[in-house]
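Descriptive analysis of the structure
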Amino acid sequence: MEDRVIREVELLAIGAGPSSLGLAVAVEELAPDLADSTLVVDRAEEIQWQQGMLLPWAKSQVSFLKDLVTPRDPCSRFSFLNFLRATGRLDEFVTMGTSLPYRLEISEYLRWVANGLTRVRTLLGNACVSVEPQRDRQQAVTGWLTRLADGSAIASRYLVFGVGRDPHIPGVFRDLPADRVVHSTAYRQRIAQLPKGRRVRVALVGGSQSAAEMFRALREDLPDSEIDWLIRSVALNSDESSKFTNELYYPSFVDEFHAAEPGAREQILREMRGTNYSCVTPPMLESIYADLYLDRLHGRDGRRLITMVDVTAARETGGEVVLDLTDRRTGVDTRLRCDLVVLGTGFDSRMPKLVRGLAGSLGLDRISVTRQYRLDLDEPAACYLQGVNEDTHGIADSLLSVLARRAEEITLDIIEHRALMRRPATYTAAS
């Protein structure tokens, strides 16, 4: 394919979420000359955090002190506190007496940071469709060519992925028409497209925080609808976090985790799973239980929680979706008829499709990174992966908790790599 336009930058960051914006700030503050040749690109038309789940009442589960910069530099002008001051809400936020901002505030903060960048540029509304290595005559990888949806391309020496993992659509639902399935990542946009006042039968699948939030939101978004919430476990599981487990989300714990033996890493991830996956925060559980209690008190039966059930088949027939359900306690099979399937099923555990495509172009059998998040390649060009290295860098890798320090580490590694590439080669005389 011939590219319409090829622009050149030194550093390209794919994805304009927290990871890439944290990196952009670190580059501006630590390597201004590199920042002048840095571009952040994203497929979205505007910068929003967790766009599909920007519910008006939803809160972040992470302290505002774990913003894009404070763990790296508490004096940075890009801190969340400075954002509150600049927008005139600092006094009110302090009065709220919480460390957990609303999700909408975090999204607004990210836009404020992006608009405050003076050296790093952003390109929105243009999806990256592929990335491939650029090679010299000796077949050394000297850079990267990123092709965009509009037919243009961007050449760079340094490439940083910050796109996160792809949505997980369980195989049983993949043959359903696209308009019958809504993943949490697109919840708000898709629900807004439904005709107002229409009675919809919804099957909600998953036992995660996102599923719980959608269960609550559906009452407001589709007030006259029927909702069956299907989970495989015997009950909704509470987030198992404590002050002790939270220490494993410290940026400083990454070193300890990375240095651990493979078996120890597996144990840590296994024991920490209940702090981040397939669980619901205690306040959300309290709210949902109270809502269901009031439903029973007032004789409302339009919302049901169905536990210990597997969805074994799904098909569209006769203008509706039919789900085959198997009760895990009794083995009895039943059918559930609905109009819409809403998924709170999280994300694909594999590397993002874009990363897998690049790995194929490089001929890599295995995708691995260094402690500094650099793809394991002995090449003149460098590529970094953010938010997808849980197996080697710990359970916090996909979260806000470590991104400020990770941005610093990647920036410093790029600075060191640039200096090494500029250093003249030395030769040893033959004996």
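Residues numbered from 1 in each chain as written. Predicted model: local features only at pLDDT ≥ 70, side-chain atom pairs only at ≥ 80, totals over all residues. Heavy atoms only, no water.

**Examining the overall build of the protein**
Within the protein, the secondary structure is distributed over 14 helices and 15 strands. Computed over C-alpha atoms, the radius of gyration of the protein comes to 24 Å, within 12% of the 22 Å expected from 2.2 N^0.38 for 431 residues, which places it in the range of a compact globule. Summarising its shape, the C-alpha atoms of the protein cover approximately 90 × 50 × 45 Å along the three principal directions. Across the 431 residues of the protein, 48% fall into the buried class. Taking the contacts inside the protein whose residues are at least 6 apart along the sequence as the reference set, 73% of them involve residues at least 24 apart. As presented, the protein carries roughly 21,500 Å² of accessible surface, and 49% of it is formed by carbon and sulfur atoms. (Helix = DSSP H or I, 4+ residues; strand = E, 2+ residues; numbered from the N terminus. Rg over C-alpha atoms; globule rule 2.2 N^0.38 Å. Buried < 20%, exposed > 50% of the residue type's maximum accessible area, 1.4 Å probe, protein only. Contact = heavy atoms within 4.5 Å. Areas by Shrake-Rupley, 256 points an atom, 1.4 Å probe, with all protein chains shown as cover.)

**Quick notes on the pairing of strand β4 (residues 128-135)**
If a strand is regular, its side chains alternate between the two faces of the sheet. Bridge analysis of β4 against strand β5 (residues 141-148) gives 7 bridges, and the strand direction is antiparallel. Each bridged residue has a counterpart across the sheet, and for Q134 the counterpart in β5 is G143. Connecting β4 to the next strand, β5, in antiparallel fashion are 5 residues, including Q139 with a positive phi near 70 degrees. (Pairing = 2+ DSSP bridges.)

**Some words on the environment of Q138**
As for its placement among the helices and strands, Q138 is situated in the loop between β4 and β5. Between the alpha carbons of Q138 and G151 there is a distance of 28 Å; along the sequence they are 13 residues apart.

**Let's talk about the packing of helix α7 (residues 209-221) against helix α11 (residues 282-297)**
Packing of α7 against α11 leaves a shortest axis separation of 11 Å and a crossing angle of 40 degrees. Relative to α11, the element α7 is oriented oblique. Considering the relative orientation of α7 and α11, their crossing is left-handed. On α11, the residues touching Q209, A212, E213, F215, R216 and R219 of α7 are M284, S287, I288, D291, L292 and D295. Counted by class, the contact of α7 with α11 contains 5 nonpolar, 2 polar and 5 charged residues. (Axes fitted to C-alpha atoms, helices over the stretch in contact; angles between N-to-C directions. Parallel < 35°, antiparallel > 145°, perpendicular 65-115°, else oblique. Left-handed = near helix turned anticlockwise from the far one by under 90°. Nonpolar A, V, L, I, M, F, W, Y, C, P; charged D, E, K, R; others polar.)

**Notes on the sheet that holds strand β11 (residues 309-317)**
If you trace the 3 strands from one edge of the open sheet to the other, you get β11-β12-β13, paired in antiparallel fashion. On the outer flanks of this sheet lie β11 and β13 (333-338), each paired with one strand and no other. Across the sheet, the mean angle separating the axes of adjacent strands is 25 degrees when strand polarity is ignored. Relative to β13, strand β12 (residues 320-327) runs antiparallel, the two being bridged by 6 bridges. Looking across to β13, one finds that D324 is bridged to R335.

**Considering a nonpolar patch on the surface**
On the surface, a cluster of nonpolar side chains totalling about 460 Å² of accessible area is made up of Y289, Y293, L294 and L297. Take Y293: it is sitting in helix α11. (Patch = residues over 30% accessible without salt bridge, like charges linked within 9 Å, V, L, I, M, F, W, Y side chains within 5 Å. Salt bridge = Lys/Arg side-chain N within 4 Å of Asp/Glu carboxyl O.)

Keep in mind these values describe shape, not function.
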